Amino acid sequence: MDKARIDELIAAAFEVRENAYAPYSEFTVGAALLGMDGRIYAGCNVENGSYGLTSCAERNAVFAAVAEGCRNFAAIALAGGRDFIVPCGACRQILSEFNVNRVILTKRDGSYKVVALKDLLPYPFSL
Ligand SMILES: [Zn+2]
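Since we're looking at a predicted model, the values are computed, not measured.

(A) Examining the state of the cysteines more closely. Per the counting criterion, the structure on display carries zero disulfides. The thiol sulfur of Cys44 is not disulfide-bonded, and the nearest other cysteine sulfur, from Cys56, lies at 11 Å. A relative accessible area of 12% means that Cys44 is categorised as buried. With no disulfide of its own, Cys70 has Cys91 as its nearest cysteine by sulfur position, at a separation of 17 Å.

(B) Here's a closer look at unusual backbone geometry. A positive phi angle, near 60°, is found at Glu26, a position not held by glycine. Counting through the fold element by element, Glu26 comes out in the loop between helix H1 (3-17) and strand E1 (30-35). Backbone geometry places Asn99, a non-glycine residue, at a positive phi of 55°. Considering the arrangement of structural elements, one finds Asn99 in the loop between helix H3 (89-97) and strand E4 (102-106).

(C) A look at the coordination of the zinc ion. With distances of 2.3 Å, the protein atoms coordinating the zinc ion are Cys56 (SG), Cys88 (SG) and Cys91 (SG). Here the donor residues of the zinc ion share one chain and are spaced in sequence as C-x31-C-x2-C.

(D) Fine view of the pattern of salt bridges. On inspection of all chains with the given rule, the structure shows five salt bridges. The salt bridge involving Glu68 is made with Arg39; its shortest N-O contact spans 3.6 Å. Residue Glu68 is found in the loop between helix H2 (57-67) and strand E3 (73-79), and its partner Arg39 is found in the loop between E1 and strand E2 (40-44); the two are separated by 29 residues along the sequence. The shortest N-O distance in the salt bridge between Lys118 and Asp119 comes to 4.0 Å. Considered together, Lys118 and Asp119 belong to a single accessibility category, that of exposed residues.

(E) Structural detail: the nonpolar core. Judged by nonpolar contacts, the single largest core of 19 residues is most densely connected at Leu33, Phe73, Ile76, Leu78 and Val103. Broken down by element, this core gets its largest block of residues, four residues, from H2. Other than its neighbours up to four places away in sequence, Phe73 contacts Leu33, Leu34, Gly35, Met36, Tyr41, Ala65, Phe98, Asn99 and Val100. Ile6, Ala13, Leu34 and Ala75 belong to the second-largest nonpolar core, a separate cluster that totals twelve residues.

(F) Structural view of H2. Along H2, the residues classified as buried are Ala57, Glu58, Arg59, Ala61, Val62 and Ala65. Where H2 is buried, its residues contact E1, E2, E3 and H3. Once H2 finishes, Gly69 follows within two positions and takes phi at roughly 95°, a positive value.

(G) View of the layout of surface pockets. Here the largest pocket is characterised by a volume of approximately 150 Å³. Lining the largest pocket are 14 residues, and of these Phe27, Val29, Asn45, Cys56 and Glu58 sit closest to its centre.

(H) Spotlight on the packing of H2 against H3. Across the interface, H2 lies against H3 with an axial gap of 9 Å and an inter-helix angle of 25°. In terms of axis orientation, H2 runs roughly parallel to H3. Where H2 crosses over H3, the two elements pack in a sense that is left-handed. Each of Glu58, Arg59, Val62 and Phe63 in H2 lies in contact with H3, whose residues at this interface are Ala90, Cys91, Ile94 and Leu95.

What counts, and where the lines are drawn
- Residues numbered from 1 in each chain as written.
- Predicted model: local features only at pLDDT ≥ 70, side-chain atom pairs only at ≥ 80, totals over all residues.
- Heavy atoms only, no water.
- Disulfide = S-S within 2.5 Å.
- Buried < 20%, exposed > 50% of the residue type's maximum accessible area, 1.4 Å probe, protein only.
- Helix = DSSP H or I, 4+ residues; strand = E, 2+ residues; numbered from the N terminus.
- Donors = N, O, S within 2.8 Å, 3.2 Å for Na, K, Ca; no water.
- Salt bridge = Lys/Arg side-chain N within 4 Å of Asp/Glu carboxyl O.
- Core = buried A, V, L, I, M, F, W, Y, C linked by side-chain atoms within 4.5 Å.
- Contact = heavy atoms within 4.5 Å.
- 1 Å grid on protein atoms, 1.4 Å probe; cavity = no way out; pocket = protein on both sides within 12 Å on 5 of 7 lines; lining within 4 Å.
- Points joined across faces, edges and corners; volume = space filled by probe spheres on them.
- Axes fitted to C-alpha atoms, helices over the stretch in contact; angles between N-to-C directions.
- Parallel < 35°, antiparallel > 145°, perpendicular 65-115°, else oblique.
- Left-handed = near helix turned anticlockwise from the far one by under 90°.

Structure below.
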């Protein structure tokens, strides 16, 4: 995956982060998923007053892609706070279901690192 594509994915994650609905935690997150079809699918976190109903950016990006007919992905970029953020356990499992093996963690200063999903979730659940 070339640097230009990574930069594009990171920019998309920061852009969609602006739409996050996080009035309770004020912790806004954006996720941009690169489909094997070359399209970028974006998601942001959406909180709810009934906290357990909150849906993460990563999951929302995956669900948006699946709804558009894409189920194969090259990578996902996450844009969050000042430090690197990583997907929560539930999102790691969702990413595993669709073999999103490359996770790009970013910081506001533009730095990033690429980690393998298998390092974040070495023993995923599978049927
Ligand atoms: Zn999550």
